[in-house]
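Coordinate inspection notes
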Amino acid sequence: MNDYKDLKLTVASSPHVNSPVGTRALMLDVLIALVPALCVGVYVFGPRALALTVVSVIGCEVFEWLYRFLLKKPQTGGDLSAAVTGVLLAFVCPVSLPYWTILIGDFFAMFLVKQIFGGLGKNFLNPALAGRAFLMLSYAGLMSNWVKPGLNNWLGVTGSTADAITAATPLAAMHTGAMPTAELTDLFIGTVGGCIGEVSAVALLFGGVYLIVRGVISPRIPVTFLGTVALLTVIFSQGNPNVEWMLSQLLSGGLMLGAFFMATDYVTSPCTPKGEIIFGVGCGLLTVFIRYFGGFPEGVSYAILLMNICVPIIEKYTHPSRFGLSKADIKAAKAAAKAAKKGGETA
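For the structure given in this document, a descriptive report is provided here.

Turning our attention to the overall build of the chain. Each helix and strand in the chain was counted, giving 15 helices and 0 strands. When the 347 residues of the chain are sorted by exposure, 47% land in the buried category. In the chain, the proportion of contacts linking residues at least 24 apart, taken out of those at least 6 apart, comes to 75%. Approximately 17800 Å² of the chain is accessible, and the part contributed by carbon and sulfur atoms is 69%.

See the structure below:
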């Protein structure tokens with residue numbers, strides 16, 4: 001009869017459902033999914049690709065630790081989110097980028113984009129893409145120095161930008177309305193110039209499918225993002241063979257990396273199904289628009305950043321109705337609230 005006296009009442013805020021999958025596990029899956037692209041990047045550009053990625057990861061971890069140490073906040077380095085940001089930022093940079101430059105990008109991403117807004121879960125922009133955008137604005141020359149792929153052109157770990165043999169990227173040719181000289185198979189495998197982690201479409205597809213199968217991301221954003229780009233480019237092929245032009249657009253630049261690893265960021269993308277579809281379509285529209293009419297050949301990073309800013313309003317108009325309420329109930333409640341507010345103002 002007195003068993004209830006041994007029971008403990010725990011008071012806590014919602015949600016009350018506990019999941020065994022935490023931030024660290026999710027971030028570890030993302031890092032695993034990025035390994036194939038990193039391997040191709042090292043094969044195409046040499047060991048400097050790995051060195052630049054490692055430096056970027058260390059930079060992000062150190063800057064996150066430093067910020068939280070200075071402000072006397074609990075350390076969060078163990079959740080691996082800083083490591084993911086470091087890898088992604090290195091992936092969207094050329095292999096010839098000096099180490100000091102990538103560290104500046106790390107500082108901007110961690111201090112001014114992520115931590116200053118409260119840390120993981122509170123930043124409204126993707127830190128890696130914001131860091132890339134900052135580096136493009138500040139060091140456009142260094143960020144546009146594309147190394148020619150191939151074993152004979154590997155840039156040494158301690159080599160300088162002057163040692164690199166440069167070559168145009170496929171997107172540079174398509175920005176002028178011409179078909180790239182690279183074959184579709186080269187674009188698919190990754191034996192072309194470009195950023196470290198963007199060159200191999202097959203490696204990124206493999207990683208993206210892994211994340212979908214593991215349940216880390218939903219296919220809605222990647223499918224609508226890539227589908228929108230495919231539809232627009234096959235219709236507006238600028239006088240080139242429609243299908244070949246469309247495939248070249250899909251397989252070039254940072255589209256695959258952005259669609260599977262950047263646009264699907266939990267914090268900076270919508271959490272509603274309809275919102276995810278709108279977000280993906282918006283990213284696709286802006287990507288094609290910037291690629292066709294912008295000053296830079298690539299538009300993926302800026303498209304995602306612009307859509308990040310639109311996430312609050314997307315979620316405002318796509319959130320589901322409260323369980324048990326019909327559309328008529330919601331409409332009546334809004335009308336009553338509006339009438340009450342008007343009555344209060346009149347009084």
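Bringing the nonpolar core into the picture now. One finds Phe225, Leu257 and Phe261 to be the most contacted residues of the largest nonpolar core, which totals 78 residues. No other element matches helix H1 (residues 23-45), which puts 11 residues into this core. Setting aside chain neighbours within four positions, we find Leu257 in contact with Leu34, Leu88, Phe91, Val92, Gly197, Glu198, Leu204 and Met262.

The next point concerns unusual backbone geometry. Positioned with a positive phi, Leu80 is a non-glycine residue whose angle comes to about 70°. Inspection of the secondary structure assignment puts Leu80 in the loop between helix H2 (47-70) and helix H3 (81-91). For Leu80, a relative accessible area of 15% translates into the label buried. In the Ramachandran plot, Gln238 falls in the positive-phi region, its phi being about 55° despite a non-glycine side chain. Mapping Gln238 onto the fold places it in the loop between helix H10 (220-235) and helix H11 (242-251).

A few words now on helix H13 (residues 273-293). When the terminal C-alpha atoms of H13 are compared, their 30 Å separation across 21 residues agrees well with the 30 Å that a helix rising 1.5 Å per residue should span. Buried within H13 are the following residues: Gly275, Glu276, Phe279, Gly280, Gly282, Cys283, Gly284, Thr287, Val288, Ile290, Arg291 and Tyr292.

Further remarks concern the pattern of salt bridges. Following the criterion strictly, the structure yields 4 salt bridges and no others. Across the pair Arg220 and Glu276 runs a salt bridge whose closest N-O atoms are separated by 2.6 Å. Of this pair, Arg220 sits in helix H10 while Glu276 sits in helix H13, and the two are 56 residues apart along the sequence. Residue Glu298 pairs with Arg291 through a salt bridge whose shortest N-O separation is 2.9 Å. Of the two residues examined, Glu298 and Arg291, each falls in the buried class.

Before going further, it helps to spend a moment on a nonpolar patch on the surface. Among the surface-exposed residues, Phe107, Leu112, Ile116, Phe117, Phe124, Leu306 and Ile309 lie close enough to one another that they form a single nonpolar patch of about 630 Å² accessible area. Of all the secondary structure elements, the ones that give two or more residues to the nonpolar patch are helix H4 (99-114) and helix H14 (300-318). Within the secondary structure, Phe124 sits in the loop between H4 and helix H5 (127-138).

All right, on to the packing of H13 against H14 then. Packing of H13 against H14 leaves a shortest axis separation of 9 Å and a crossing angle of 150°. Between H13 and H14, the interaxial angle falls into the category roughly antiparallel. Crossing angle aside, the handedness with which H13 passes H14 is right-handed. Between H13, through Lys274, Gly275, Ile278, Phe279, Gly282, Cys283, Leu286, Thr287, Ile290 and Arg291, and H14, the contact on the second element is made entirely by Val300, Tyr302, Ala303, Ile304, Leu306, Met307, Asn308, Val311, Ile314 and Thr318.

Position of Thr53 relative to the elements: it lies in helix H2. Within polar-contact distance, the side chain of Thr53 engages the backbone oxygen of Ala49 at 2.8 Å. Not counting the four nearest positions on each side in its chain, Thr53 is found in contact with Leu38, Val87, Ala90 and Phe91.

In contact at an axis separation of 8 Å, H1 and helix H9 (residues 201-213) are set at 170° when each is read in the N-to-C sense. Of the possible angle classes, the one that applies to H1 and H9 is roughly antiparallel. Across the interface between the two elements, Asp29, Val30, Ile32, Ala33, Pro36, Ala37 and Val40 of H1 pack against Ala203, Leu204, Phe206, Gly207, Tyr210 and Leu211 of H9. A breakdown of the residues in the contact of H1 with H9 according to their chemical character gives 11 nonpolar, 1 polar and 1 charged.

Thresholds, definitions, all that
- Residues numbered from 1 in each chain as written.
- Predicted model: local features only at pLDDT ≥ 70, side-chain atom pairs only at ≥ 80, totals over all residues.
- Heavy atoms only, no water.
- Helix = DSSP H or I, 4+ residues; strand = E, 2+ residues; numbered from the N terminus.
- Buried < 20%, exposed > 50% of the residue type's maximum accessible area, 1.4 Å probe, protein only.
- Contact = heavy atoms within 4.5 Å.
- Areas by Shrake-Rupley, 256 points an atom, 1.4 Å probe, with all protein chains shown as cover.
- Core = buried A, V, L, I, M, F, W, Y, C linked by side-chain atoms within 4.5 Å.
- Expected span 1.5 Å × (residues − 1).
- Salt bridge = Lys/Arg side-chain N within 4 Å of Asp/Glu carboxyl O.
- Patch = residues over 30% accessible without salt bridge, like charges linked within 9 Å, V, L, I, M, F, W, Y side chains within 5 Å.
- Axes fitted to C-alpha atoms, helices over the stretch in contact; angles between N-to-C directions.
- Parallel < 35°, antiparallel > 145°, perpendicular 65-115°, else oblique.
- Left-handed = near helix turned anticlockwise from the far one by under 90°.
- Polar contact = N/O pair within 3.5 Å; in protein donor to acceptor, adjacent residues only side chain to side chain.
- Nonpolar A, V, L, I, M, F, W, Y, C, P; charged D, E, K, R; others polar.

Bear in mind that shape data such as this cannot, by itself, settle questions of function.
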